[in-house]
Structure formats: structure tokens, C-alpha cells
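Each chain is listed here by its residues.
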Amino acid sequence: MQSKPTPAACGRLHGVLAMCMEISNNTKADCFFDYSPHVNSYSVNIHRDGWVSGADAEYIDVVTDITEDKIMATLKKLAAIYCELEGMKNV
């Protein structure tokens, strides 16, 4: 069994959820966050044009063995996508 995330990692993980919500609430995209505590993993995927039944999602990250470094890498990816989507809003 893998170890549980540290309290600091948990705090940063909340930031991943917050960024998913920010993207979903402020762009046309729908961003999903899934946490699996029994295996210490999470995944993040996005539907850039909004969720549609049967449409394939773009996986941003699938992380096993949650660490602060891995969470920070996910946050960087999400921030870049958010900036891209925000830029597209003005086109």
C-alpha cells in the first residue's frame, strides 16, 4: 500500500480542485478532478469545448503516489491551459 499524501500535499491538492473549478466556471471547458485515496492517486481531464456524452476527454495528468512536486506540475499544466482558454475567449 502506498503512503498517504502529506498535509502540505493535501493543501496543494485543494489547489488542483480549485483550478479545475476556475476553468469550468470561467471558460467553455469542463475540467474534471478524480481522487482515489485507496491508491493515493488523482487524475485531471478536460473537455475543452464542454462536456458532451461520448466525447473523449483530454487527460492533463494521471498521478500515482501523490507528492507536492507532482501536484505543482499539474497546477502548472492547468494554469497554462487556463491562460490558453482565456486567450481564446477574446478571439
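Residues numbered from 1 in each chain as written. Predicted model: local features only at pLDDT ≥ 70, side-chain atom pairs only at ≥ 80, totals over all residues. Heavy atoms only, no water.

**A word on the overall build of the protein**
And then number 1: In terms of regular secondary structure, the protein is built from two helices and three strands.
And then number 2: Expected size for 91 residues packed as a compact globule is a radius of gyration near 12 Å; at 14 Å, the protein falls within 12% of this value.
And then number 3: For the protein, the spread of C-alpha atoms along the principal axes amounts to about 45 × 25 × 15 Å.
And then number 4: Here the contacts in the protein between residues at least 6 apart in sequence split such that 46% fall between residues at least 24 apart. (Helix = DSSP H or I, 4+ residues; strand = E, 2+ residues; numbered from the N terminus. Rg over C-alpha atoms; globule rule 2.2 N^0.38 Å. Contact = heavy atoms within 4.5 Å.)

**Observations concerning the pattern of salt bridges**
And then number 1: Under the defined criterion, the tally for this structure stands at five salt bridges.
And then number 2: Across the salt bridge formed by E68 and R12, the nearest N and O atoms sit 3.2 Å from each other. Placement of the pair is E68 in helix 2 (residues 68-89) and R12 in helix 1 (residues 7-26), with a sequence separation of 56 residues.
And then number 3: Between E58 and R48 there is a salt bridge, and its shortest N-O distance comes to 2.6 Å. Residue E58 is found in strand 3 (residues 58-64), and its partner R48 is found in the loop between strand 2 (41-47) and strand 3; the two are separated by ten residues along the sequence.
And then number 4: By relative accessible area, E58 is classed as partly exposed at 32%.
And then number 5: Residue R48 is classed as partly exposed on the basis of its relative accessible area, which comes to 23%.
And then number 6: Among the ionic contacts, a cluster of salt bridges with common partners joins R48, E58 and E84. (Salt bridge = Lys/Arg side-chain N within 4 Å of Asp/Glu carboxyl O. Buried < 20%, exposed > 50% of the residue type's maximum accessible area, 1.4 Å probe, protein only.)

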